[in-house]
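Residue-level listing of the chains:
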Amino acid sequence: MVRSVAIAILATGIAGLPAMAAEEYWVARDAVSKQCEIVPKKPDGTLVIDLGKKKYASEGEARKAMEALSDCKKK
């Protein structure tokens, strides 16, 4: 009985992990192409450079921040 309950709790916890994972976005610039982009993981600083120095909760927030950055303005 205890084993069944433990397995049920584990199965529920594992199934719920993707929903609990917090999505985070960063505004970054590719070091080679110099193009700005929104990335789902923190930039490493070598190939993709973190511009905003801040993480955003949604892709929409990151897009607004990217449009406001002078490094990302179209010339």
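Because the structure is predicted, anything quoted here is derived from the model rather than measured.

### Overview of the environment of arginine 63
Right, so step 1: One can find arginine 63 in helix H2 (residues 59-68).
Right, so step 2: Each C-alpha atom of the pair arginine 63 and tryptophan 26 lies 9.3 Å from the other, and the pair is 37 residues apart in sequence.

### Digging into unusual backbone geometry
Right, so step 1: Of note, the phi angle at lysine 34 is positive, near 65 degrees, even though the residue is not glycine.
Right, so step 2: Topologically, lysine 34 is positioned in the loop between strand S1 (25-30) and strand S2 (36-39).

### Observations regarding the pattern of salt bridges
Right, so step 1: Per the stated rule, a full pass over the model turns up 3 salt bridges.
Right, so step 2: For glutamate 24, the salt bridge identified is with lysine 55, shortest N-O distance 3.2 Å. Taken as a pair, glutamate 24 in the loop between helix H1 (2-20) and S1 and lysine 55 in strand S3 (residues 48-56) lie far apart in primary sequence, 31 residues in all.
Right, so step 3: A salt bridge links arginine 29 to aspartate 71; the nearest nitrogen and oxygen atoms lie 4.0 Å apart. Highlighted residues: arginine 29 in strand S1 and aspartate 71 in the segment after H2, separated in sequence by 42 residues.

Calculation criteria
Residue positions are given per chain, counting from 1 as you read along its sequence in written order. Thresholds applied to this predicted model are a pLDDT of at least 70 for local features of residues and 80 or more for the giving and counting of side-chain atom pairs; totals over whole chains, interfaces and linings are not thresholded and use all residues. Side-chain numbers come from the whole structure's heavy atoms, not from hydrogens or water. Only runs of H or I of at least four residues qualify as helices and only runs of E of at least two qualify as strands under DSSP, and these elements are numbered from the N terminus. Salt bridges are defined as contacts in which a side-chain nitrogen from Lys or Arg sits within 4 Å of a carboxyl oxygen from Asp or Glu.

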